[in-house]
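Report on the structure
What follows is the residue order along each chain.
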Amino acid sequence: MGDAVKSDAKTNGFHKVTNGHHQQQQEELKIAIIGQSNFAAEVLELLLERDHLIVGVFTIADKAAREDVLATVARQHGIPVFKFSAWRRKGVPIPEVLEQYRSVGANLNVLPFCSQFIPMEVIDGAAYGSICYHPSILPLHRGASAISWTLIEGDERAGFSIFWADDGLDTGPILLQKQCPVYGDDTLDTLYKRFLYPEGVTAMAEAVDLIAAGTAPKIPQTEIGASYDPALFREENQYLNLNQPAVRIFNFIRGLDSVPGALAVVQMEDGEEATVRLYGASLSARRSMVNGKPIQFKGSTGSAFVTREGIFITGSDGSLVRVRRIKRGNRVIAAGEWFEQLGTTKATPLVLTEKEQEQDTLLRSIWKSILKVEIGPETDFFACGAGSMDVVRLVEEVKDTLEVPIDNETLFMAPMYGEFLQEVIQRLRSGSNGDRGTNIPLDYIHVVLKANRRKIAVPTQLFINGRFVDAKGAKTIPIVNPTNEQVICDVANASKADVDDAVQAADEAFRGIWTSISARERGQLMYRLAELMEQHREELATVESIDSGAVYTLALKTHVGMSIDAWRYYAGWADKIEGSTIPVSPARPNRVLTFTKKEPIGVCALITPWNYPLMMLSWKMAACIAAGNTVVIKPAQVCPLTALKFAELTVRAGFPPGVINVVTGTGSLAGQALADHPAVRKLGFTGSTPIGKRIMASCAESNIKKCSMELGGKSPLVIFADCDLEKAVRLGMSSVFFNKGENCIAAGRLFVEDRIHDEFVRKVIRGIKTMKIGDPLDRATAHGPQNHRAHLEKLQEYCAIGVKEGAKLLYGGKRVPKMEGLFFEPTVFTDVEDHMYIAREESFGPIMVISKFHASDFDALVARANSTEYGLASGVFTQDIAKALRFAERVEAGTVFVNTYNKTDVAAPFGGFKQSGFGKDLGKEALNEYLRTKCVTVEY
């Protein structure tokens, strides 16, 4: 007899059988609907739309006070509803049930989906007979689990039959059949939703129309090729035979996906056995499992392995089947996390805000309306009897009511209410401006910094796949406070294996959850992160000051302030990245549409310097994330703490695991591993030119990964005599001493017109003497310590070379006496000639290098300014706008400042020429560094 199923969608190549004997209609149809489920309810409504008379609906009894949807819909239309727990007792029809059926006077029974055994007295009791829906191309796959067996047997086509019921099991004459191809990625669910459900509803109405018109055929079924398959609702039939070819294993798993799931038994290392269900199968092209950890399935003679990608099962033919999800008890997890999850306890419940408590109430009401039971944290959606259409209803109601991006997979991975609530709240926090909080528990090893009347917990581990973890072998490196040269803490020292873990996590996120988040939702996440950075602004500035020696007031305004600006700016770009349509010349008479798409590159690696730890991270990463990439960042070895604190905030903002990863450690190991990694498709680097060259070579040799370089600089600043001298002195000092001279675009050489040279120098030295040097946390401090000892020693050596070559040292040139910490005096050199080392090479410190020029030869001045292999920035001070624009036109630098300096903005592109690198940070142009252009041409 007819039975029912679950799953959906698009029709490809169906056909309808219309030959055979036709029935003549004598009177108006009076239809009894017998069955249950949303499928039957939709058939009912479609028949009513086509003006058919429904005289009664016969359905199953309520379950735990939960009425079947067919009964609900029928009552809404005023149709008599009868609910029976059974039609027979001990094989004999129940008289009172037969009496109620006969009372409606039906002359046609329609069974869209019916799980009960209907007596022949009913089947034959209607004058025009009974028609049933069956989800297979009869006579194939008779029985209650037809869809599953279509997939299990590897059929190339699926379909359904509407047949006239008789006294056999799905053996009656065929009225109508339709077919569709079975795709390689079809599961029980997808096949049902793609074709069998929507086309089945329509076909049931078509069948009734044919009967009403007296043209319905009755084509006898052949017994050639007929098959009767075991019922898969019986648990003993759900066990997977692992000793067969991979394609058979794959087909069995997908035939039971997602309800109930293929059963298997894992033999644990301690001798225990764990019964599990397997979901999300695919045939794998892999032939070896070098990095896989063995897992043993009971009764299997082949091997199986767990990797980050899932569980790989070897078929009897040596081919592999990948399983993405696994269920043990009530909990579904990513199969690749099997060993990690074995010993884990349940996640700490979220602390809900007042608004989230209201959302909890709404969510409970949705669950209760579907399940008809009281809802608690341990309520299991599927254990309460919910089916696949209940899943669809729940997902759609939650999406509409709470405006949260979820899908069926969300429920399958978190079937218990408590888990589902946590997942929904996490997603709401990710994509809304509601309260997110510092109340999210994070488990990490940390150091507590006590400064600025604050106690700040800062992580000291690697941040990989949304968790803080130790480096392999628990290796660490010390982090030193440059203000007093005392060790702040030890942080994890990443190995090549740690970097590989981070890259794999980023790759999985890019190919998985990150692609399911829309561009607008991505922007909302970024806005939320910016808000959290704003809330923690003082904490971040304090950490930056202690870790890198940045003056606190500058860290607050620039290091942190501009970081927040970058995240907000690129959050706005996230949903405005677009391609274009291109007019082309097709060969007539054809027409062609050509358009471009801007796509994310994939996993991006970022290697950032020590002068602006948080700002350099944000300049690069905000554009990278806005473009849709995932990222692994290696902050500077000597000052990684703000990057780790930032990682904590990304969790609180709701970024999915794996999207942002932080590996701390050395450049020679962790940085090199990123440059060499074949899964990294883009590398953004800020640092020295020699290291940049090495990284470029590694990028080329590994996989020709795209790279952008912001390297060394020797930026010229030209000061003409017609300038506003006071402004030129003030900004000239800032151009050199800003951030202790540890500034990419610092003016590496000042060209001062001879007529004002001496006065300019006097004013500069007078200004230096008023600068307070000391504790960077002191609000009055203007000049803090250099970042680390090796750099301070380099500055001492730099000054010694300048003196040796004959430059005139007017001020400074040495470590600040009688002061602990890495403090270096602001320094001024004059009489610097073009051939000298200090005229050609960058100091990256508070060292002003001044040369004179005569205004009579503008061309010679520009040539001197350009006489360097660097071209990062430049500047000119003059009242003559024509002169300024001539200079801007001819100077070889990526940035030109006129009557100002250090005026960068997140909307303005930043990057250099020549050996200062290539590519841009900031502005719209920076997005292109993290995008690839795909051209699509369609002929029509």
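Residues numbered from 1 in each chain as written. Predicted model: local features only at pLDDT ≥ 70, side-chain atom pairs only at ≥ 80, totals over all residues. Heavy atoms only, no water.

As recorded by an unreviewed UniProt entry, the chain carries the name formyltetrahydrofolate dehydrogenase and is attributed to Anopheles melas. Under Catalytic activity (unreviewed entry), UniProt gives the following word-for-word description of the chain: "(6R)-10-formyltetrahydrofolate + NADP(+) + H2O = (6S)-5,6,7,8-tetrahydrofolate + CO2 + NADPH + H(+)". (UniProt positions renumbered as here; feature names shortened; annotations may be inferred.)

On to the pairing of strand β32 (residues 706–710), then. Taken across its five residues, β32 has four buried, putting it largely inside the fold. With five bridges connecting them, strand β31 (residues 680–686) and β32 associate as parallel partners. Bridging from a neighbouring strand, Leu683 pairs with Cys707 of β32. Summarising the sheet, β32 and strand β42 (residues 917–918) pair through two bridges and their orientation is antiparallel. Its bridge partner lying in β42, Glu710 is registered against Gly917. (Buried < 20%, exposed > 50% of the residue type's maximum accessible area, 1.4 Å probe, protein only. Helix = DSSP H or I, 4+ residues; strand = E, 2+ residues; numbered from the N terminus. Pairing = 2+ DSSP bridges.)

This part is about the UniProt feature "binding site: (6R)-10-formyltetrahydrofolate" (unreviewed entry) in the chain. Here, the residues flagged by UniProt with the feature "binding site: (6R)-10-formyltetrahydrofolate" (unreviewed entry) are Gln116, Phe117, Ile118 and Asp170. The annotated residues occupy 55 residues of the chain but converge on a single region, no pair of C-alpha atoms lying more than 13.7 Å apart. Within the element layout of this structure, Gln116 appears in the loop between β7 (108–111) and α4 (120–123). The residues touching Gln116, leaving out its near neighbours within four places in the chain, are Thr59, Ile60, Phe84, Ser85, Ala86 and Trp87. Among the polar contacts listed, one links the side chain of Gln116 to the backbone oxygen of Phe84, at a separation of 2.8 Å. (Contact = heavy atoms within 4.5 Å. Polar contact = N/O pair within 3.5 Å; in protein donor to acceptor, adjacent residues only side chain to side chain.)

Our focus in this paragraph is the packing of helix α21 (residues 725–737) against helix α22 (residues 757–770). Contact pair α21 / α22: the axes reach a minimum separation of 10 Å and the direction vectors enclose 60 degrees. By the angle between their directions, the pair α21 and α22 is classed as oblique. Considering how the two elements wind past one another, α21 and α22 form a crossing that is right-handed. Residues Leu725, Glu726, Ala728, Val729, Met733 and Phe737 of α21 pack against Glu759, Phe760, Lys763, Val764, Gly767 and Ile768 of α22. When the residues that make up the contact of α21 with α22 are grouped by side-chain class, the tally is eight nonpolar, one polar and three charged. (Axes fitted to C-alpha atoms, helices over the stretch in contact; angles between N-to-C directions. Parallel < 35°, antiparallel > 145°, perpendicular 65-115°, else oblique. Left-handed = near helix turned anticlockwise from the far one by under 90°. Nonpolar A, V, L, I, M, F, W, Y, C, P; charged D, E, K, R; others polar.)

A few words now on the domain arrangement of the chain. Under the domain assignment used here, the chain contains domain 1 (30–213), domain 2 (238–341), domain 3 (354–430), domain 4 (446–708) and domain 5 (716–911). Centre-to-centre separation of domain 2 and domain 4, based on C-alpha positions: 35 Å. (Domains from an automatic or database assignment.)

A sheet is described by the order of its strands in space; here seven strands give the open sequence β4-β3-β2-β7-β8-β9-β10, paired in mixed fashion. The open sheet terminates on both sides in strands that have one partner only, identified here as β4 (81–84) and β10 (174–181). Neighbour to neighbour, the strand axes of the sheet diverge by 15 degrees on average, direction disregarded. Packing of helix α1 (residues 37–49) onto the sheet brings it into contact with β2 (30–34), β3 (53–60) and β8 (130–134), and relative to β3 it is tilted by some 175 degrees. Relative to the sheet, helix α3 (residues 95–102) contacts β2, β3, β4 and β7, its axis offset from that of β4 by approximately 160 degrees.

Glancing now at the nonpolar core. Grouped together as the largest cluster of nonpolar side chains are 104 residues, with contacts concentrated most on Trp567, Met621, Ile625, Phe655, Ile719, Leu750 and Phe760. Residue contributions to this core peak at 11 residues, all from helix α17 (residues 613–626). Structurally, this core is a two-domain feature, drawing no fewer than three residues from each of domain 4 (446–708) and domain 5 (716–911). Judged by nonpolar contacts, the second largest core, of 46 residues, contains Leu29, Leu70, Ala74 and Leu151. (Core = buried A, V, L, I, M, F, W, Y, C linked by side-chain atoms within 4.5 Å.)

Within this structure, the stated rule accounts for 24 aromatic pairs. On the numbers, 6.0 Å between centres and 35 degrees between planes, the contact of Trp514 with Phe655 is tilted. Here the residue Trp514 occupies a position in the loop between α13 (496–511) and α14 (519–535), and Phe655 occupies one in the loop between α18 (641–653) and β30 (660–662), the gap between them amounting to 141 residues. Grouping residues by exposure puts Trp514 and Phe655 together as buried. Here a set of aromatic residues connected by ring pairs shows up, and it is made of Phe39, Tyr133, Phe160, Tyr192, Phe195 and Tyr197. The lysine or arginine in question, Lys883, covers the ring of Phe720, its NZ or CZ lying 4.3 Å from the ring centre. (Phe/Tyr/Trp six-rings, centres within 6.5 Å; stacked < 30°, edge-to-face > 60°. Lys NZ or Arg CZ within 6 Å of the ring centre and 35° of its normal.)

What follows concerns the sheet that holds strand β27 (residues 592–600). The strand order β26-β27-β43 describes an open sheet built from three strands, whose pairing is antiparallel. The sheet terminates laterally at β26 (581–582) and β43 (931–939), the two strands that pair on one side only. As defined by bridge partners, β27 adjoins β43 across nine bridges and the pair is classed as antiparallel. Across the sheet, Lys598 pairs through a bridge with Thr933, a residue of β43.

Let's shift gears to empty space enclosed by the protein. By the definition in use, this model includes five cavities of 30 Å³ or more. If you add up the space inside the largest cavity, you get close to 100 Å³. For the largest cavity, the lining is made up of 14 residues, of which Ala746, Gly748, Glu842, Ser843 and Phe844 are closest to its centre. Residue composition of the lining of the largest cavity, by class: six nonpolar, six polar and two charged. (1 Å grid on protein atoms, 1.4 Å probe; cavity = no way out; pocket = protein on both sides within 12 Å on 5 of 7 lines; lining within 4 Å. Points joined across faces, edges and corners; volume = space filled by probe spheres on them.)

Cis geometry is adopted by the peptide bond preceding Pro139, which originates at Leu138 and carries an omega value of 15 degrees. Structurally, Pro139 can be placed in the loop between β8 and α5 (146–152). The linkage connecting Arg588 with the following residue, Pro589, adopts the cis geometry, with an omega of 10 degrees. The backbone of Arg453 shows a phi angle near 60 degrees, a positive value even though the residue is not glycine.

What follows concerns the side chain of Gln177. By the element assignment, Gln177 lies in strand β10. A distance of 3.0 Å separates the side chain of Gln177 from the backbone oxygen of Leu138, its partner in a polar contact. Within the structure, the side chain of Gln177 is placed 2.9 Å from the side chain of Ser161, a separation counted as a polar contact.

In this model, α18 (13 residues) spans 19 Å end to end at C-alpha, consistent with the 18 Å of a helix rising 1.5 Å per residue. α18 sits mainly inside the fold: 13 of its 13 residues count as buried. Just beyond α18, the residue with positive phi is Gly654, at close to 100 degrees. (Expected span 1.5 Å × (residues − 1).)

A side chain of one charge can pair with a side chain of the opposite charge if their charged atoms are brought near each other. One pass over the full model with this rule turns up 46 salt bridges. Between Lys772 and Asp778 there is a salt bridge, with the nearest N and O atoms lying 2.6 Å from each other. By relative accessible area, which is 37% here, Lys772 ends up partly exposed. Because the salt bridges share partners, they merge into one network encompassing Asp62, Glu67, Arg75 and Lys83. (Salt bridge = Lys/Arg side-chain N within 4 Å of Asp/Glu carboxyl O.)

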